[in-house]
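Structure at a glance
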6 protein chains.
Amino acid sequence: MTSNSVPKFETLVVSNPREYVYRVELNRPHKLNAMNDVFWREISTCFNGIAEDPNCRVVIVTGAGRLFTAGLDLTDSQILAFTDVQKDVARRAMQVFDVIKKLQESFSFIEKCRKPVIAAIHNGCVGGGVDMVAACDIRLCTEDAWFQVKEVDIGVAADVGTLQRLPKIIGNDSLARELVYTARRLPATEAKQLGLVSRIYKDKASMIEGALELASTIASKSPVAIQGSKVNLVYSRDHSVREALEYMAAWNMSMGQTEDIARAIQANMTKQKTTFSKL
Amino acid sequence: MTSNSVPKFETLVVSNPREYVYRVELNRPHKLNAMNDVFWREISTCFNGIAEDPNCRVVIVTGAGRLFTAGLDLTDSQILAFTDVQKDVARRAMQVFDVIKKLQESFSFIEKCRKPVIAAIHNGCVGGGVDMVAACDIRLCTEDAWFQVKEVDIGVAADVGTLQRLPKIIGNDSLARELVYTARRLPATEAKQLGLVSRIYKDKASMIEGALELASTIASKSPVAIQGSKVNLVYSRDHSVREALEYMAAWNMSMGQTEDIARAIQANMTKQKTTFSKL
Amino acid sequence: MTSNSVPKFETLVVSNPREYVYRVELNRPHKLNAMNDVFWREISTCFNGIAEDPNCRVVIVTGAGRLFTAGLDLTDSQILAFTDVQKDVARRAMQVFDVIKKLQESFSFIEKCRKPVIAAIHNGCVGGGVDMVAACDIRLCTEDAWFQVKEVDIGVAADVGTLQRLPKIIGNDSLARELVYTARRLPATEAKQLGLVSRIYKDKASMIEGALELASTIASKSPVAIQGSKVNLVYSRDHSVREALEYMAAWNMSMGQTEDIARAIQANMTKQKTTFSKL
Amino acid sequence: MTSNSVPKFETLVVSNPREYVYRVELNRPHKLNAMNDVFWREISTCFNGIAEDPNCRVVIVTGAGRLFTAGLDLTDSQILAFTDVQKDVARRAMQVFDVIKKLQESFSFIEKCRKPVIAAIHNGCVGGGVDMVAACDIRLCTEDAWFQVKEVDIGVAADVGTLQRLPKIIGNDSLARELVYTARRLPATEAKQLGLVSRIYKDKASMIEGALELASTIASKSPVAIQGSKVNLVYSRDHSVREALEYMAAWNMSMGQTEDIARAIQANMTKQKTTFSKL
Amino acid sequence: MTSNSVPKFETLVVSNPREYVYRVELNRPHKLNAMNDVFWREISTCFNGIAEDPNCRVVIVTGAGRLFTAGLDLTDSQILAFTDVQKDVARRAMQVFDVIKKLQESFSFIEKCRKPVIAAIHNGCVGGGVDMVAACDIRLCTEDAWFQVKEVDIGVAADVGTLQRLPKIIGNDSLARELVYTARRLPATEAKQLGLVSRIYKDKASMIEGALELASTIASKSPVAIQGSKVNLVYSRDHSVREALEYMAAWNMSMGQTEDIARAIQANMTKQKTTFSKL
Amino acid sequence: MTSNSVPKFETLVVSNPREYVYRVELNRPHKLNAMNDVFWREISTCFNGIAEDPNCRVVIVTGAGRLFTAGLDLTDSQILAFTDVQKDVARRAMQVFDVIKKLQESFSFIEKCRKPVIAAIHNGCVGGGVDMVAACDIRLCTEDAWFQVKEVDIGVAADVGTLQRLPKIIGNDSLARELVYTARRLPATEAKQLGLVSRIYKDKASMIEGALELASTIASKSPVAIQGSKVNLVYSRDHSVREALEYMAAWNMSMGQTEDIARAIQANMTKQKTTFSKL
């Protein structure tokens, strides 16, 4: 794939820095990458496209400018137009419901996309930013990074994924709730101890380098194995072990017949690099 | 609310140390706050009352005297009367079932109460005490604190919540099981590493101070946002991400129309304190 | 029980080093304890037998020779015979499905066995080894231990339990996914921080000693309490808190009538050792 | 039990027409047994009391006067006070939520009560009446009976159980939805075909007689067996077959040790009547 | 809405025969309304559009020409192109998976659309046709109608909804399985007894008339109440009663504040027709 | 396959009356086919064997002698030995649990076997017999057949599947509960109306003939399609529509690549019989 073929967006820049690796950069730096209506639409389109693009096997998400993202754009979002649209509570409620579901779906597409997504976070990751990175597979950050579940400070319970995913990706419910109820900033080191990020880098440049390294390693593996792993990790999170094993067996009924197995074993035994067909 | 209006109990002391903050103190110090039949009844009444009391937005649970609680009062509890009540195994079993369900409910009321509950634990937290704090939102402790899942030492599998909640609030199943199977004491520092508590304080006084500080911060936020967050955090723990997002959207259909949003945003932008109507 | 009465296997050595404690040693050291077809059959038979053997209350799993296990034996396993058995994709798929289900069951028997199982891991624990220890209750390891979710390197998504159990026994989803996607080695200290193991020992000998100590402690407790705890910990992992409390109450309808309660309380109060009937 | 000992209510009349059989009559005939706030409270108290009363093994629910019940009392219910209580949508919503939950619980107590409940319906059974009888075990009716899911006609989706239980107790989803969407009356014969009632009687007198006969038959059986059956039928409706079998086994761990088994088998073999201890 | 404003499709004709009532006609009569790739895309677009169209409150689905639908168009469908696309089983499997999911979604949009959908079936309803009508709310048919779960006759298990929905909308699992395993034709009268359809009409004309009558009745009710009913009926089918009651309460937090309640009660009391705002 | 190759049992007679059709006859006619310990073991072995036998595609279950089965053999079953085995309630309870689970599994193997199982019932089908036929796919009976959920008459709640499966295979919960609570006999015609059986035959001979006809029809279809249908019908019963569609898609990832599709379509178009490879 040439860099010409990657899709173009207004709030996102998609590039192809390494073979099979895409980078999606949040790109409204003058607005601190705040999430406006265009963003929500584009992030859906972007990840739906990536899901079907055989040239992409791993994605890195980064933020342009001073910080990763300031979260919801309060000045440019239909969410805040709720109050004046209609008079009847029920009719307005239906609209609210549909908008929330749409926003939730935007980030769920990151999860449904079978390619691993690595969030590389520098400086602030606020509100909707936490919802977003919680839907990614792996989280890396810089030393100056901080996270803030900001929603209670604008009078709402976080409804785009943080309350649903955050406690399931870390192992400290007490701290998770403290963060949600107080909206305080969580610095990088505490985020690392908490298990929210798995690695801290000195600065953004070295983090991007590290993320690309990690992404390239993953991209060199059998995409059948990698994508099957993501699908089943996500499935397992939401099901009992028994249910998840059942689904896994059904999944590998076909995947266990792939040509990649012979190639991978061969490569593994001969310690030589191999290539896998596109997927 | 005046301090006169808080409810009176035999085994609990309820006070109102800060605006919108209640403190519930386990108060049988001469019995090491052991949980007797009166306690189980009162803890239910207490948290059901708090759930409906608009003067309370956050609760702190503490223990009077030498330690937080020694757990079940073996000398004063219907649970241990099981053996001689009746002859038929099945009829006795029905009674056991009903008693266990009632005890379980006592602590589940802490969870169902939409107001965040902070457990501030000093010295020993034994048996039923672990069941109890596992049902709280946030856990703080003193340096001299220790936790003990004591139940196997009295010949029973812990049936009031520890086995059900403990592994879900920490991220180390291996250690959780070790604690359950051995009934060994877990010291404060290990509890912190394990994620069972989110903060350790030098002594009880400074812990209470810290807990009040934290509680006041939470109490200053929109109660619509805070209570919605707790409801959905609890819901999310027990459901798939998809199910939990669905419920969240239904919840915010109405909550997303609250006047608190405008007030909170205004306060946030102007950096001024705001007040929210009672809830 | 005399050592004569413990069962004999080709790929496993079962012994009875302490009262009520069994040790199951993976025993194909010349093959690095790689898992072949005989192994899968024997591990099922072994744990089904242990489940019904009243002389066993706790199990320790160890590996003979240089490392714990190298995982699947690629040179001696029906799994890899998939490719040439039949022509029709669907018919082959049915076979694959049945084989995977059978392997999954082998390790699920460890979980279904009501006696706690302690994995004591030295040196390498690779591929199927991670699937296996994830199904154990407690994980200990040596300083030189390392873990490797190897499956993507042979072109498949891990389908014998790692994807299903690993993220539920630790509290760092970001790191778990990194390990799965990269197949990199996880050293002992990182495994400890991650919560994958609960204790690190200097070498194999001291680990075995520690494991036996731990096992003996557990074996000295009421088996009614211990087994009920394991059953309900496993049940709780896969159910909502409410569901799990309901099952717990049904379980203790009968267990709460055991003679062990009186004995355990008596022993606890008099600080004297007691014995419990076999189970 | 003497008739003196049955509880007294304002909107219900409880009697004890046969040994171990209670009759609960909806008793606001001048208001067509419309459900007011007192009713909702009393139905909870009544069935909670019955649940613990060893003199009751089966319950019959009937309606006094012209018809079974006209459903919600629009002129005397807090539900309709929703609109004017407070200004903020979110705060009002919280109240609505709590009221609905309370009403739902009132009927769920019928289901949680382990004694079978037979609804004997004559003439109209409207709105809340359908919610109520759907929570009963067995439904009988007279030839002149009719059912009406009335809620859409007052502008709300039925929220006290009809939408949740009705489709699960009959086998015709197409007709169920038609009834819900149109609020049309369903006559007795169609109700019988639909499986909503299992028997039609000529008139109220013969229906009561039939209900008492049926109730007495059930009351003559082992209460351990009957109550265990109800518990597990309700559990099974809401769980997979596997889950329900698991719970059943846990339930019968104790129930399978009852003295009733020997008595019942003996009675069955000798064709003689036996008596069972109270439960 | 004028008839000009209804959307235009190639395989469907959408019209607006009564106020708030839309009719969607399968319109490839020369191909027996067989479902080709265009159809799958259009049915999605159509019902997504209807979901958001305030001029539509109820939908009727009919088939143009000789029969309702012959099901999947074997000569014009990507489903059957599976066999030759790629060589690797796993890569082809991924494609199959994605196509099946897309087809499943097409019919699930009928279910997700909050407006009731009435299927009016004449003559044959084959294969995919059964999948489709099983996703509708209400099923009506003519005397000459017949249903055929045809899939086993083309060598596949029905994967677009029949196996998932059919047994849940009728009450005869034995017959449902017979139909699936034999692919025999089910005539109208048996379909009525089975509960698959709720009404039989002499011919297509009278059925359409009946369907319009029914649709108009539903369209005259509060759309807040109707749509809330559909949402919760669908939710209840897939959840336990407790879960469904919980969701219902959350739903009616806002819906219970609608202006429609006052209007509907007023209309009901005065026996006068009322109008409700669009939704 | 020759008749010599079918397995031999003590309580069952297995034969091969038509190509790909097996008949399993309960064969203790002098004991009214009562279920003793040998039976429970053999029924497991039998259906596990059938599951793997490529010569069998459909099974018919019949009863030898006067009636289908009298249910549990009270004079020859370990179940009733519960009372005297051990003294401690908990230890006895563990045994009871394990025995119940084993019996439950015996019938669950009928369900797990991917080949459709047709129960052909004449005269009495009592107690365990109802548990058994409820686990079959299709139920046929003679005019003189009757069903009896007998368990309450021996003092226990039915614990081998009736309470779990019966209400899910019919559509009349009111009648199902009446049958369970009263242990009354259900005659054939009522069983047909109830949907418990899908067809009534004049006598046993004509029923067997009809069952063989039905079985042969099913056996002539693609076994990939038939077995996939059964697997997914069973899965769907126990899951939400969404979950079941997800599993279906995973299943057909591989099954949708079968050669049977081309063969079946070809046969269907040319109206000629085809043969399918064994499975």
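The name recorded for chain A in an unreviewed UniProt entry is Delta(3,5)-Delta(2,4)-dienoyl-CoA isomerase, mitochondrial-like, from Saccoglossus kowalevskii. Quoted verbatim from the Sequence similarities (unreviewed entry) field of UniProt, the annotation for chain A is "Belongs to the enoyl-CoA hydratase/isomerase family." In its Pathway (unreviewed entry) section, UniProt records this for chain A: "Lipid metabolism; fatty acid beta-oxidation."

**Observations concerning the overall build of chain A**
Within chain A, the secondary structure is distributed over 11 helices and 9 strands. A globule of 279 residues ought to have a C-alpha radius of gyration of about 19 Å, and chain A, at 20 Å, matches this closely. The proportion of buried residues among the 279 residues of chain A is 63%. Expressed as a percentage of contacts within chain A between residues at least 6 apart in sequence, the contacts between residues at least 24 apart total 70%.

**What to know about the interface of chain A and chain B**
Between chain A and chain B, the residue contacts involve 38 residues of the former and 47 residues of the latter. Contributions of two or more residues to the side of chain A that touches chain B are made by α2 (82-85), α3 (89-112), α5 (162-169) and α6 (173-182) of chain A. Partitioning the side of chain A that touches chain B into residue classes produces 18 nonpolar, 10 polar and 10 charged.

**A closer look at helix α1 (residues 37-52) of chain E**
Residues and elements named next belong to chain E. Here α1 is 16 residues long and its end C-alpha atoms lie 24 Å apart, about the 22 Å a rise of 1.5 Å per residue gives. Every buried residue of α1 is accounted for by F39, W40, E42, I43, C46, F47 and I50. Structurally, α1 contributes buried residues whose contacts are with β1 (12-18), β2 (21-26), β3 (58-63) and α2 (89-112).

**Focus: the domain arrangement of chain A**
Accessible area lost on assembly of the parts is the figure often given for the size of an interface. Residue and element names in this part refer to chain A. Under the domain assignment, chain A is made up of domain 1 (3-219) and domain 2 (223-270). Centre-to-centre separation of domain 1 and domain 2, based on C-alpha positions: 27 Å. Taken together, the 8 residues of domain 1 in the interface contact 7 residues of domain 2. Here the side of domain 1 that touches domain 2 is composed, by residue class, of 2 nonpolar, no polar and 6 charged.

**Quick word on helix α9 (residues 223-237) of chain A**
In this model, α9(A) (15 residues) spans 21 Å end to end at C-alpha, consistent with the 21 Å of a helix rising 1.5 Å per residue. Counting buried positions along α9(A) gives 14 out of 15 residues, so the element sits mostly inside the fold.

**Points about the sheet that holds strand β4 (residues 117-121) of chain E**
Residue and element names in this part refer to chain E. Overall, mixed pairing links the 6 strands, which are arranged β1-β2-β3-β4-β6-β9 in an open sheet. Each edge of the sheet is formed by a strand with only one pairing partner; in this case those strands are β1 and β9 (199-201). Taking the axes of each pair of neighbouring strands and ignoring which way they run, one obtains an average angle of 25 degrees across the sheet. The pairing of β1 with β2 spans 5 bridges and is antiparallel. Bridge pairing in β2 places R18 opposite V21.

**Regarding the relation of the copies chain C and chain D**
By a simple turn and slide, chain C fits onto chain D: the slide is 0.0 Å along the axis, the RMSD is 0.0 Å, and the turn is 180 degrees. The transformation just described matches what one would write down for a two-fold rotation axis. The rotation axis passes nearest to the C-alpha of S254(C) in chain C, at a distance of 2.5 Å. When the interface residues of chain C are mapped onto chain D, 100% of them again lie at the interface, so the same face is used by both copies.

**Details of the environment of Y201(D)**
All names here are of chain D. Residue position: Y201 is located in strand β9 (residues 199-201). Of the residues examined, Y201 has 21 C-beta atoms within 10 Å and is grouped as buried. Contact partners of Y201, with chain neighbours within four places excluded, come to L140, T142, S206, M207 and G210.

**Focus on the confidence of the model for chain A**
Mean pLDDT over chain A stands at 94; residues scoring 70 or higher make up 96%. On the interface metric, ipTM, the complex scores 0.96, and its pTM is 0.97.

**Considering the packing of helix α8 (residues 223-237) of chain D against helix α5 (residues 162-169) of chain F**
In a pair of packed helices, the angle between the axes and the distance between the axes together describe the arrangement. Running from N to C, α8(D) and α5(F) cross one another at 55 degrees; their axes reach a closest spacing of 9 Å. Judged by the angle between their axes, α8(D) and α5(F) are oblique. Seen from above, α8(D) lies across α5(F) with right-handed handedness. For the pair α8(D) and α5(F), contact is made by S229(D), N232(D), L233(D), S236(D) and R237(D) and by L163(F), Q164(F) and P167(F), respectively. In terms of residue class, the contact of α8(D) with α5(F) is made up of 3 nonpolar, 4 polar and 1 charged.

**Some details on the relation of the copies chain A and chain B**
The two chain copies are related to each other by a rotation about an axis together with a translation along it. Mapping chain A onto chain B calls for a rotation angle of 120 degrees and an axial translation of 0.0 Å; the resulting RMSD is 0.0 Å. In short, the pair behaves as if placed about a three-fold rotation axis. In terms of proximity to the rotation axis, the leading residue of chain A is G171(A), whose C-alpha is 2.2 Å off the axis. When the interface residues of chain A are mapped onto chain B, a mere 11% of them again lie at the interface, so each copy presents a different face.

Conventions and cut-offs
Residues numbered from 1 in each chain as written. Chains lettered and ligands numbered in written order. Predicted model: local features only at pLDDT ≥ 70, side-chain atom pairs only at ≥ 80, totals over all residues. UniProt positions renumbered as here; feature names shortened; annotations may be inferred. Helix = DSSP H or I, 4+ residues; strand = E, 2+ residues; numbered from the N terminus. Rg over C-alpha atoms; globule rule 2.2 N^0.38 Å. Buried ≥ 20, exposed ≤ 12 C-beta atoms within 10 Å, placed from the backbone. Contact = placed C-beta atoms within 7 Å. Nonpolar A, V, L, I, M, F, W, Y, C, P; charged D, E, K, R; others polar. Expected span 1.5 Å × (residues − 1). Domains from an automatic or database assignment. Pairing = 2+ DSSP bridges. Axes fitted to C-alpha atoms, helices over the stretch in contact; angles between N-to-C directions. Least-squares fit on C-alpha atoms with pLDDT ≥ 70 in both. pLDDT = per-residue confidence, 0-100. Parallel < 35°, antiparallel > 145°, perpendicular 65-115°, else oblique. Left-handed = near helix turned anticlockwise from the far one by under 90°.

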